[in-house]
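Each chain, written out:
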4 protein chains.
Amino acid sequence: MARTRSEQSRRAILESALSLARSGGYGKLTVDAVAAAAGVGKQTIYRWWRSLGEVVLDTLREHAKSLPAPETGSLEGDLTAFLGATFRLQRGPNGTAEVLRGLMAEAQLDDGFAPSFAEFIEARRAVLRSIVLRHVPAARGSEAEATVDMLFGAMWYRMLVKHGPLDSAFAQTLAALAARQHGEKR
Amino acid sequence: MARTRSEQSRRAILESALSLARSGGYGKLTVDAVAAAAGVGKQTIYRWWRSLGEVVLDTLREHAKSLPAPETGSLEGDLTAFLGATFRLQRGPNGTAEVLRGLMAEAQLDDGFAPSFAEFIEARRAVLRSIVLRHVPAARGSEAEATVDMLFGAMWYRMLVKHGPLDSAFAQTLAALAARQHGEKR
Amino acid sequence: MARTRSEQSRRAILESALSLARSGGYGKLTVDAVAAAAGVGKQTIYRWWRSLGEVVLDTLREHAKSLPAPETGSLEGDLTAFLGATFRLQRGPNGTAEVLRGLMAEAQLDDGFAPSFAEFIEARRAVLRSIVLRHVPAARGSEAEATVDMLFGAMWYRMLVKHGPLDSAFAQTLAALAARQHGEKR
Amino acid sequence: MARTRSEQSRRAILESALSLARSGGYGKLTVDAVAAAAGVGKQTIYRWWRSLGEVVLDTLREHAKSLPAPETGSLEGDLTAFLGATFRLQRGPNGTAEVLRGLMAEAQLDDGFAPSFAEFIEARRAVLRSIVLRHVPAARGSEAEATVDMLFGAMWYRMLVKHGPLDSAFAQTLAALAARQHGEKR
DNA sequence: GTATAAGCGAGACGGTACGTCAAGTCTTTTT
DNA sequence: AAAAAGACTTGACGTACCGTCTCGCTTATAC
């Protein structure tokens, strides 16, 4: 005998949060602003999410689904394709890099948000790990983990510090170096 | 012919900031608290630093100086030593990891702080880059950069996401994989 | 369709402001202290008043209502009664003199507050003016205004400079002199 | 073997204080601004005066000396002349009204300044009192005091509340009413 | 088919911290 | 010893957001 959750409000909140984070920078995102932009009461946000970070994370989960695991036949080829596609999704004014940086920051400052973010990260790691293991089954264990950390680590490092571009050349270099780690021809 | 800067206040601020960041978490660090703990007026902080991030960064610059570049004869050996020492400095209750995570977050949220932090990061990259190039001169260019990004990237990735430890085993694995990237015997 | 203004907070603010002004002196009244004493956020004060002066003025408006216009039959009698009652309200530890002095000071230093205070003053002048005109209709115009200014002026002058008491003897003297200005037998 | 007080600094401080008070309003007068405008260290101000109020009061003491007691033969004439001259000194952009208002406010808020200000006020009262007593010796006592309070009170009241002008017409009206209080022809 | 309880937009609320301003004091160097 | 310069501690300012809490309205069951 109760009213049901408004799908319209849910969408408006997700979209407003993402668009405000992109335009003004994640650091200037506020609950008041999101609520106002979405034409929604603040309580409606707090009723369904624990923080703005969770809202934004929700929007990214959908984005990431559009990344299929490639099949080129070689580790270097698969990595080049996967990393290239991942970088492409982040680049540009409509890319997710700005928002990802904000979420990473949030996870450092808000202990409540860190687990959700870690879970999101783990999902991405699982995909990359499976690519590595498909070509180098023997690497199972700390070596595969380290390779995954080196690849995604390099990506995040550049995304966060901005000392170099996340372009296809970088994707290729990373793929080549990772392949060599596991004995593919140099 | 005016009063000179108080060295006592400077030290008190640096020490209070670092100790509060370690005890309560960087996210709960406030200017009011630092000023109170240092027995200092807030204005004195704002007079000499642009934000708390800059204060904390100042304390870390001194810490990092204590890391000497190693000389073991092989790339893998040097990397193992360098990464191991770096990780050791970050570990534990008196380690710098908690504070580094906070600074990385700050750099994402505060555009004014990002350049200072990037400069700090670049100084660390320079040391690692020189180690790589000493052993593999031919890697000069994007390959050396990528190797540096993969190593420090993996470190930051684990520091930020906390999905794995920064211990000597990880240092060794990273060193071995990086050495293989550049043709050292496996 | 929003939450309505809290009557409880409104009263607590008015009472705290008045009581703090009386105990510590108007000059030491601070927004922080009023908010703390009232158990209220500062924003709640700023939401409804433009300055502490307006808050205190609000409490005085109610106080002043308790002064009825007298009817003794003569100008001198009415003035004696009216001024006597007015002075009495200001005297003593629970009197309003301390607070009135503070408001007068505020009006000099804060251009935004001056109009509100002038309006409050005019309301009081209107009462005294009507007493004068009831007995001396011919004084309408600058003479009545001047008489009002001389009576309230003398009161404020003593309140502000504190060179003489605001007692019933002074009320009587003022009343007598004002009556003579308008030809009542001496 | 000591340096003597700098007359140049003294003058610069007095002039800067007065001019800043007139241009920006007494309420916005600050010690920093006066010191900067006078090309003087803040300590030099604090060494010789207890507060900015005392500085400004010093400048006014000289101004007031330029008011000679008039001799027209009648109470009404003398009062008209005296009040007219007094009002004239206060009017206009170079008048002292703005500054006097500020000092009166200061005296209400700063207990340390009130005595100095009261002394200044009393000097002015003495002049007006002597005029009244010269023409109405019998008024000695509370009646003369009350008349002085009514005249200066009316002046201050208008100066502070700004509900009417301090012009020669008002001076005349006040003089006439005061004369009637003491039996001069109506 | 209507009562009723949850969802909702709105926005007031108690708090915490911000970054700024000015006060009055202290220290350094110069005159 | 007085002065210019300006750093220092202190304390209050007015603002921004936080997360919580009514308020009155809307709407989808469950009776």
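Residues numbered from 1 in each chain as written. Chains lettered and ligands numbered in written order. Predicted model: local features only at pLDDT ≥ 70, side-chain atom pairs only at ≥ 80, totals over all residues. Heavy atoms only, no water.

A closer look at the interface of chain B and chain A
Interfaces are often described in size by the accessible area the parts lose on coming together.
Now for step 1: Chain B puts 38 residues into the contact, and the matching count from chain A is 38 residues.
Now for step 2: Of the roughly 3,300 Å² buried at the junction of chain B and chain A (both faces included), carbon and sulfur atoms supply 64%.
Now for step 3: Considering only the side of chain B, the residues that lose the most area to chain A are Gln108(B), Met150(B) and Tyr157(B), jointly responsible for 22% of the buried surface there.
Now for step 4: At the junction of chain B with chain A, the criterion picks out 4 salt bridges.
Now for step 5: Taking the shortest distance from any N to any O, the salt bridge between Arg180(B) and Glu143(A) comes out at 2.6 Å.
Now for step 6: Here chain B and chain A share 14 residue pairs in polar contact (both at pLDDT 80 or more) between them.
Now for step 7: Counting only elements with at least two residues in the side of chain B that touches chain A, the list comes to helix 6 (97-109), helix 7 (114-135), helix 8 (142-161) and helix 9 (168-181) of chain B.
Now for step 8: When residues in the side of chain B that touches chain A are grouped by element, the largest group, 16 residues, is from helix 8 of chain B.
Now for step 9: When its residues are assigned to classes, the side of chain B that touches chain A shows 20 nonpolar, 10 polar and 8 charged. (Contact = heavy atoms within 4.5 Å. Buried area = accessible area lost by both parts, 1.4 Å probe. Salt bridge = Lys/Arg side-chain N within 4 Å of Asp/Glu carboxyl O. Polar contact = N/O pair within 3.5 Å; in protein donor to acceptor, adjacent residues only side chain to side chain. Helix = DSSP H or I, 4+ residues; strand = E, 2+ residues; numbered from the N terminus. Nonpolar A, V, L, I, M, F, W, Y, C, P; charged D, E, K, R; others polar.)

Structural notes on the domain arrangement of chain A
Residues and elements named next belong to chain A.
Now for step 1: We note that the domain assignment places domain 1 (7-51) and domain 2 (67-181) within chain A.
Now for step 2: Listed as interface residues are 7 residues of domain 1 and, on the opposing side, 13 residues of domain 2.
Now for step 3: Taking both partners together, domain 1 and domain 2 bury about 720 Å²; carbon and sulfur atoms supply 52% of that area.
Now for step 4: Counting across the domain 1 and domain 2 interface gives 0 salt bridges.
Now for step 5: Across the contact surface, domain 1 and domain 2 share 5 residue pairs in polar contact (both at pLDDT 80 or more). (Domains from an automatic or database assignment.)

Some points on the packing of aromatic side chains
Now for step 1: Here the structure, examined in full by the defined rule, presents 24 aromatic pairs over all chains.
Now for step 2: A network of ring pairs unites the aromatic residues Phe113(A), Phe117(A), Phe120(A) and Trp156(A) as a single cluster.
Now for step 3: Above the plane of the ring of Trp49(C) lies Arg5(C), whose end atom (NZ or CZ) is 5.1 Å from the centre. (Phe/Tyr/Trp six-rings, centres within 6.5 Å; stacked < 30°, edge-to-face > 60°. Lys NZ or Arg CZ within 6 Å of the ring centre and 35° of its normal.)

Details of the relation of the copies chain B and chain A
Now for step 1: Superposition of chain B onto chain A requires a rotation of 180° combined with a translation of 0.0 Å along the rotation axis, giving an RMSD of 0.2 Å. The operation mapping one copy onto its partner corresponds to a two-fold rotation axis. (Least-squares fit on C-alpha atoms with pLDDT ≥ 70 in both.)

Considerations on the interface of chain D and chain C
Now for step 1: Contact with chain D, which involves 38 residues of that partner, is made by 38 residues of chain C.
Now for step 2: In total, chain D and chain C occlude about 3,400 Å² of area from one another, counting both sides; carbon and sulfur atoms represent 64% of this.
Now for step 3: Between chain D and chain C we count 4 salt bridges in total.
Now for step 4: Joining chain D to chain C, the criterion identifies 14 residue pairs in polar contact (both at pLDDT 80 or more).
Now for step 5: By residue number, the principal contributor to the side of chain D that touches chain C is helix 8 (residues 142-161) of chain D, which donates 16 residues.
Now for step 6: A per-class count over the side of chain D that touches chain C returns 20 nonpolar, 10 polar and 8 charged.

Observations concerning the side chain of Arg158(D)
Now for step 1: Looking at where Arg158(D) falls in the secondary structure, it is placed in helix 8.
Now for step 2: For Arg158(D), a relative accessible area of 9% translates into the label buried. (Buried < 20%, exposed > 50% of the residue type's maximum accessible area, 1.4 Å probe, protein only.)

Points about the environment of Ala105(D)
Now for step 1: With respect to the helices, strands and loops of the structure, Ala105(D) is situated in helix 6 (residues 97-109).
Now for step 2: In sequence terms Ala105(D) and Tyr46(D) are 59 residues apart; their C-alpha atoms lie 20 Å from each other.
Now for step 3: Once residues within four sequence positions are removed from consideration, Ala105(D) is found in contact with Ala105(C), Gln108(C) and Leu109(C).

Examining the pattern of salt bridges
All names here are of chain D.
Now for step 1: Across all of its chains, the model carries 60 salt bridges over all chains by this definition.
Now for step 2: Taking the shortest distance from any N to any O, the salt bridge between Arg125 and Asp149 comes out at 2.4 Å. Here Arg125, found in helix 7 (residues 114-135), pairs with Asp149, found in helix 8; they are 24 residues apart in sequence, far enough to count as distant. Pair check on accessibility: Arg125 and Asp149 agree, each one buried.

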